[in-house]
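# Tertiary structure, described
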Amino acid sequence: MAVLEVKRLTKIYGSEDTKITALDHVSFSVNKGEFVAIIGASGSGKSTLMNLIGGIDRPTEGSIFIDKREIFKLSESELAIFRRRNIGMIYQFYNLIPTLTAEENIMLPRLLDNRWDDRDKLSSILEMIGLSERAKHLPSQLSGGQQQRVSVGRAMINDPAFILADEPTGNLDSKTSHEIIDLLKFANKKCRQTLLLITHDEKIALQADRIITIGDGKILSDEVMKP
Amino acid sequence: MKITAKLAYSQLKINRSRTLWTLIAIALSTALTTAICSFVSSGNAMLVDFLGENYGVYGKSYLMLLLIPAVIFGVLIIAMSVTVVSNVFRISAQERVTEFGIMKCTGATQKQILDTVMYESIWLCAIGIPVGICLGLILAFAGIHVANHFFGDLNSLAHIMINEINLSLHFVFSWQAILLSAVLCFMTVMYSAWRPAHKAAKVPAIECIRGAGETRINTKPLGTSYLVEKLFGFEGTLADKNLKRNHRNFRATVISLSVGVILFISLGGLQSQANAIEDYMNPGIDQTVISEYISDYANEIDEGTGREKTIYLHPVDSESANRVTQKLEEFEDTSVFGIGNDMDTYYTVLSKELISVKMQEAFEDEAQLNYEFPVEIITLDQKNYAKLCEKAKVPIGSTILLNHYSYNDFGHEVNLEPFLSSIKKMELVKADGSTLDMPVQGILTQNQIPQELFYPNTNPVRLVVSKAMVRGFSWYCAPVEIDGFIEYSNKVLEDVFPSEVNSSYMEEGFNTRVYKINDYMKVMNIAISLVAVFMYSFVALLMLIGLTNVISTLSTNVLMRSREFAVLKSVGMTPESLRRMLNYESILCSIKALLYGIPIGIAVTFFVNLPIRTIFPIPYKIPWLSIILCVLVVFLITWSTKRYAAHKLKNQNIIDSIRS
């Protein structure tokens with residue numbers, strides 16, 4: 001069953017003389033429970049694709065279906081609410097709210113729905129990311145790896161349709177990178193969490209079930225690694 | 001607690017000094033609004049006290065007298081608060097643009113982003129407004145006390161007023177006033193927060209994440225002035241560029257400083273003009289007490305000529321006047337100068353040949369053949385009339401023309417001799433058309449006329465005659481023992497012009513009074529001082545609101561730019577030159593404020609002078625003193641904020657700032 005369907009997605013920046021086609025009619029789909037890596041050199045259109053799938057940017061042409069809903073048909077607020085319930089995002093620079101504690105940052109998507117309930121879910125996530133002891137700490141009191149684990153926790157709190165991770169290890173040393181990837185893989189295997197990972201690191205990409213390679217805004221290859 | 005409220009709360013906690021200064025600004029504007037509302041209710045109570053409910057016949061105009069200044073002050077306060085508070089929130093929103101981006105990516109709606117900012121303003125109001133109301137009540141209480149001090153002085157002079165009055169303000173605790181100011185301030189803060197919050201909430205998530213957000217940096221190529229570079233060196237150039245590229249951050253600071261400069265200069269100009277008017281009104285005579293008799297009059301239209309004629313109900317003749325003069329002189333060591341005049345009975349038509357060229361010019365229309373003038377008939381006490389005759393070298397019983405006319409030529413007093421000395425007689429015409437030939441035996445020019453006769457001096461044709469029935473008579477007296485004389489004089493007037501007890505002004509058809517010449521000046525003086533005290537305190541407090549803005553902007557600026565500063569430091573900028581750069585920024589800021597403020601302030605005082613000039617011979621003067629004071633104060637403010645910034649910079653660690 002396809003969780004994500006991308007159809008003829010095109011994004012053009014600028015106009016007339018300075019026109020840059022970042023994405024050129026890209027189509028693919030991702031099934032539930034899949035771990036897909038999207039790789040490409042810098043400037044290939046990875047981040048544009050990520051922003052579009054995350055619903056924080058709008059395409060010039062084409063459409064995206066998440067759980068059979070066409071996200072760009074939603075209004076700004078509908079899309080925001082849809083995002084907090086259905087998409088988990090992880091960034092290279094953690095992007096935590098500096099004034100909230102680790103557990104509040106994890107709970108943020110729920111807090112935005114005014115839900116403080118389900119402490120069990122929170123503690124199971126804290127346990128999974130190994131930060132039960134540091135739940136009350138502020139981001140500035142955590143190391144880079146710990147901060148990234150918090151953002152993985154935040155991405156998973158609402159059991160989203162899929163997790164979208166944009167270079168989640170780009171800012172980390174190799175040991176910590178491993179920990180984060182292992183954590184994501186664990187979530188993928190144990191919880192059947194669909195995972196979309198954007199990276200330029202082939203070693204990390206090789207751990208995925210499927211690798212989509214992007215270049216010049218087009219899909220260059222789409223290979224299934226492990227059936 | 002809702003997450004949006006919590007985020008707002010932590011935002012307030014992080015930037016403590018900005019929160020504090022914003023609170024002070026909100027409290028101050030609430031205080032000022034409350035004070036003004038309280039004053040209006042106290043003033044209202046006072047007016048009701050001596051005018052009755054609805055303020056009697058002139059109710060509307062008294063109400064306007066109370067409401068118009070209140071509204072003007074209110075608008076000024078609100079404008080200032082909006083500038084200050086919205087600036088705080090704009091900077092706050094700008095600071096948190098990345099945070100908003102993260103929230104949006106995590107799925108916060110626009111409304112939720114808006115809410116976090118609005119909660120911030122609610123928190124601030126929750127503390128600032130109650131504090132402000134308390135402050136405002138104290139302020140109103142103190143202000144009323146000060147006003148009563150002045151009113152006490154005024155009340156002691158009340159005997160020169162037409163009606164016996166007793167001015168005093170009571171502190172009125174009016175919950176309507178408090179509620180009004182609380183609501184007004186709440187709305188002001190909410191509006192100020194809503195504007196920047198609304199803008200920030202609309203920025204697309206992707207731009208927030210990139211950190212672009214609301215900051216619009218001016219990308220045009222900028223030349224820095226050679227002067228700045230020469231004067232302040234490289235640090236000056238950096239400061240100049242930052243000010244120019246990032247001018248929105250400084251705009252509120254420049255505006256609040258400019259508003260202060262404008263208000264201050266306008267006040268200085270107003271006060272100096274009020275003082276000039278006071279000087280002009282000072283009659284410049286030696287006498288200290290005036291005893292006065294004045295008749296009521298009625299106007300009617302003459303059926304034959306269609307002219308308006310004035311009928312005096314109880315005119316006074318020279319005999320009665322002389323009786324008073326004699327009696328007044330009987331008081332020991334007292335000299336008396338008695339003048340009676342009639343300005344409404346006669347007019348005369350003179351041909352061009354008798355009128356001096358200057359006078360013709362004054363009337364502009366030089367082609368005119370005949371000029372019509374109203375005639376003022378003056379009669380003096382016997383002694384002074386005799387002296388005047390002697391001066392004019394004419395026998396007693398002659399008519400003397402005072403050949404002097406002064407008028408106000410748009411701020412400048414012009415003195416001239418209106419008639420040629422060939423004038424020998426005038427034909428005086430009454431409103432009913434009857435005429436009277438008046439020979440002119442003597443002529444006196446400006447420096448021969450006694451000082452007492454210059455006051456008032458608005459008529460071109462002034463004839464001193466030996467005897468006449470006139471509307472009123474004034475005795476300018478110079479007694480040694482003033483208070484005793486006033487009592488004595490009142491008795492004399494009562495004897496000669498008996499009136500029924502307890503009849504109020506003009507009920508008898510005439511009125512008498514005795515007052516010190518200086519009393520009018522004193523009343524005016526007190527009134528001017530009272531207004532000045534209030535205006536200056538108001539402006540000072542308004543400026544305090546502006547000042548909180550300057551400080552909070554600066555402190556946030558330093559916080560927001562910590563990364564930029566760290567980068568500068570890491571490439572080798574010394575703390576001294578960093579501090580110098582900040583100093584130059586504030587200096588340039590104040591220069592900018594002065595460049596806007598001073599010309600506008602000068603323009604305001606100039607326009608205030610325009611209507612004054614048409615009435616009084618008071619030319620426009622640039623209020624240099626206020627301008628110099630303003631410049632000093634503005635630089636003092638920037639100097640102190642500079643110290644504050646330097647203090648903040650001390651606690652900065654390069655690495656932390658760069659990594660943040």
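Preceding block: the structure.
The present account deals with the structure reproduced in this document.

Conventions adopted
- Residues numbered from 1 in each chain as written.
- Chains lettered and ligands numbered in written order.
- Predicted model: local features only at pLDDT ≥ 70, side-chain atom pairs only at ≥ 80, totals over all residues.
- Heavy atoms only, no water.
- Helix = DSSP H or I, 4+ residues; strand = E, 2+ residues; numbered from the N terminus.
- Contact = heavy atoms within 4.5 Å.
- Areas by Shrake-Rupley, 256 points an atom, 1.4 Å probe, with all protein chains shown as cover.
- Buried area = accessible area lost by both parts, 1.4 Å probe.
- Salt bridge = Lys/Arg side-chain N within 4 Å of Asp/Glu carboxyl O.
- Polar contact = N/O pair within 3.5 Å; in protein donor to acceptor, adjacent residues only side chain to side chain.
- Axes fitted to C-alpha atoms, helices over the stretch in contact; angles between N-to-C directions.
- Parallel < 35°, antiparallel > 145°, perpendicular 65-115°, else oblique.
- Left-handed = near helix turned anticlockwise from the far one by under 90°.
- Nonpolar A, V, L, I, M, F, W, Y, C, P; charged D, E, K, R; others polar.
- Pairing = 2+ DSSP bridges.
- 1 Å grid on protein atoms, 1.4 Å probe; cavity = no way out; pocket = protein on both sides within 12 Å on 5 of 7 lines; lining within 4 Å.
- Points joined across faces, edges and corners; volume = space filled by probe spheres on them.
- Buried < 20%, exposed > 50% of the residue type's maximum accessible area, 1.4 Å probe, protein only.
- Arc of directions from axis to C-beta.
- Phe/Tyr/Trp six-rings, centres within 6.5 Å; stacked < 30°, edge-to-face > 60°.
- Expected span 1.5 Å × (residues − 1).

A word on the overall build of chain B. In terms of helices and strands, chain B carries 18 helices and 14 strands. In chain B, the share of contacts with a sequence separation of at least 24, taken over all contacts with a separation of at least 6, comes to 81%. Accessible area of chain B: about 32,200 Å², with a carbon and sulfur share of 61%.

Accessible area lost when the parts come together is the quantity often used to give the size of an interface. At the junction of the two partners, chain A supplies 24 residues and chain B supplies 20 residues. In total, about 2,000 Å² of surface goes out of reach between chain A and chain B, with carbon and sulfur atoms giving 68% of it. The tally of links between chain A and chain B comes to 1 salt bridge. For the salt bridge of B:Lys6 with A:Glu104, the shortest nitrogen-to-oxygen distance reads 3.2 Å. Our count for the chain A to chain B interface comes out at 5 residue pairs in polar contact (both at pLDDT 80 or more). Counting residues per element, the ones that place at least two in the side of chain A that touches chain B are helix 2 (76–86) and helix 3 (102–111) of chain A.

Below, the discussion takes up the packing of helix 3 of chain A against helix 5 (residues 144–156) of chain A. All names here are of chain A. Contact pair helix 3 / helix 5: the axes reach a minimum separation of 7 Å and the direction vectors enclose 30 degrees. What the angle tells us is that helix 3 and helix 5 run roughly parallel. For helix 3 against helix 5, the interelement crossing comes out right-handed. Across from Ala102, Asn105, Ile106, Leu108 and Pro109 in helix 3, the residues of helix 5 making contact are Val150, Gly153 and Arg154. Each residue belonging to the contact of helix 3 with helix 5 can be placed in one class, and the counts come to 5 nonpolar, 2 polar and 1 charged.

Residue and element names in this part refer to chain B. As paired elements, strand 7 (residues 405–409) and strand 8 (residues 412–416) share 5 bridges and run antiparallel to each other. Each bridged residue has a counterpart across the sheet, and for Asp409 the counterpart in strand 8 is His412. Hairpin connection of strand 7 to strand 8: 2 residues between the antiparallel strands, including Phe410 at a positive phi of 50 degrees.

This next bit is on the sheet that holds strand 2 (residues 20–31) of chain A. The strands making up a sheet are joined through hydrogen bonds of the backbone, oriented either antiparallel or parallel. Residues and elements named next belong to chain A. The sheet built from 4 strands is open, its strands ordered 2-1-4-5 with antiparallel pairing. The open sheet has two edge strands, strand 2 and strand 5 (69–70), and neither has a second partner. Pairing geometry for strand 1 (residues 2–13) and strand 2, over 8 bridges, is antiparallel. Bridging across to strand 2, Ile12 finds its partner in Thr21.

To find the voids left in a structure, one rolls a probe of water-molecule size over its atoms. Counted under the stated rule, the structure contains 6 cavities of 30 Å³ or more. Taken as a whole, the largest cavity spans an internal volume of roughly 100 Å³. For the largest cavity, the lining is made up of 14 residues, of which A:Ile87, A:Gly88, A:Met89, A:Pro109 and B:Thr106 are closest to its centre. The set of elements that each furnish at least two residues to the lining of the largest cavity consists of helix 2, strand 6 (87–90) and helix 5 of chain A together with helix 4 (97–105) of chain B. It is strand 6 of chain A that provides the largest number of residues to the lining of the largest cavity, a total of 3 residues. Split by residue class, the lining of the largest cavity holds 8 nonpolar, 3 polar and 3 charged.

Right, let's get into the side chain of A:Thr101. Mapped onto the fold, A:Thr101 is located in the loop between strand 6 and helix 3. Not counting chain neighbours up to four residues away, the residues in contact with A:Thr101 comprise A:Ala135, A:Lys136, A:His137 and A:Leu138.

To continue, consider helix 12 (residues 382–392) of chain B. Residues and elements named next belong to chain B. Within helix 12, the full set of buried residues consists of Asn384, Tyr385, Leu388, Cys389 and Ala392. The buried residues of helix 12 occupy one face: seen down the axis, they fall within an arc of 145 degrees. Away from its buried face, by an angle of more than 90 degrees, helix 12 presents the exposed residues Gln382, Lys383, Lys387 and Glu390. Residues of helix 12 that are buried in the fold lie against strand 4 (335–351), strand 5 (370–380), strand 6 (400–402), strand 11 (442–444) and strand 12 (461–465). Of the residues trailing helix 12, Lys393 is marked for its positive phi of about 55 degrees.

What follows is about the sheet that holds strand 6 of chain A. All names here are of chain A. As summarised here, the arrangement of the 6 strands in space is 6-7-8-3-9-10, forming an open sheet in which the pairing is mixed. The two strands at the open ends of the sheet, each matched to only one other strand, are strand 6 and strand 10 (218–224). The mean angle between the axes of side-by-side strands here comes to 15 degrees, regardless of whether they run parallel or antiparallel. Against the sheet, helix 2 makes contact with strand 6 and strand 7 (162–166), and its axis sits at roughly 80 degrees relative to strand 6, the strand it touches most. Running at roughly 170 degrees to strand 6, helix 5 makes contact with strand 6 and strand 7 of the sheet.

This part is about the environment of A:Ile106. Residue and element names in this part refer to chain A. Summarising the element assignment, Ile106 is placed in helix 3. C-alpha of Ile106 to C-alpha of Ile157: the two residues are 51 residues apart in sequence and 6.8 Å apart in space. Every residue in contact with Ile106, bar those within four places of it in the chain, is listed here: Leu122, Ile125, Leu126, Ile129, Val150, Gly153, Arg154 and Ile157.

Moving on: unusual backbone geometry. All names here are of chain A. Phi at Asp67 is positive, roughly 50 degrees, even though this residue is not glycine. As for its position among the elements, Asp67 is in the loop between strand 4 (61–66) and strand 5. Phi at Asp159 takes a positive value of approximately 45 degrees, unusual for a residue other than glycine.

Right, let's talk about the packing of aromatic side chains for a bit. All names here are of chain B. Scanning the model with the defined rule gives 17 aromatic pairs over all chains in all. Judged by centre distance (5.4 Å) and plane angle (80 degrees), the ring pair of Phe141 and Phe171 falls under edge-to-face. Of the two residues, Phe141 sits in helix 5 (residues 110–156) while Phe171 sits in the loop between helix 5 and helix 6 (175–202), which places them 30 residues apart along the sequence. Judged by centre distance (6.5 Å) and plane angle (45 degrees), the ring pair of Phe485 and Tyr488 falls under tilted. Placement of both Phe485 and Tyr488 in helix 13 (residues 482–496) is noted, with a separation of 3 residues, approximately one turn of the helix. Looking at Phe485, the relative accessible area reads 0%, which means it is buried. An aromatic cluster of at least three residues, connected via ring pairs, comprises Tyr293, Phe497 and Phe510.

Residues and elements named next belong to chain A. For helix 6 (residues 174–190), with 17 residues, the first-to-last C-alpha span of 24 Å sits near the 24 Å given by 1.5 Å per residue. Looking at the buried residues of helix 6, the elements they touch are strand 3 (35–39), strand 6, helix 4 (119–129), helix 5, strand 8 (194–199) and helix 7 (202–205). Count one or two residues on from helix 6 and you reach Arg192, which has phi positive near 55 degrees.

Time to look at the pattern of salt bridges. Residue and element names in this part refer to chain A. Taken as a whole and judged by the stated rule, the model has 19 salt bridges over all chains. For Arg119, the salt bridge identified is with Glu103, shortest N-O distance 3.7 Å. Residue Arg119 is found in helix 4, and its partner Glu103 is found in helix 3; the two are separated by 16 residues along the sequence. On the accessibility criterion, Arg119 (42% relative accessible area) is partly exposed. Residue classification places Glu103 among the buried positions, given a relative accessible area of 8%.

The next point concerns the side chain of B:Thr334. Residues and elements named next belong to chain B. As for its placement among the helices and strands, Thr334 is situated in the loop between helix 10 (318–330) and strand 4. A polar atom in the side chain of Thr334 sits 3.2 Å from the backbone oxygen of Phe331. A polar atom in the side chain of Thr334 sits 3.1 Å from the backbone oxygen of Glu332. With residues up to four places along the chain from it excluded, the contact list for Thr334 reads Leu328, Glu329, Cys477, Ala478, Pro479 and Phe485.

Right, let's talk about the pairing of strand 5 of chain B for a bit. Residues and elements named next belong to chain B. Counted residue by residue, strand 5 has 8 buried out of 11 residues, so it is predominantly covered. Pairing of strand 4 with strand 5, which is carried by 10 bridges, proceeds in the antiparallel orientation. Bridge assignment links Ile339 to a residue of strand 5, and that residue is Leu380. Both strand 5 and strand 12 contribute to a ladder of 5 bridges, which runs parallel. Across the sheet, the residue bridging to Glu376 is Arg462, located in strand 12.

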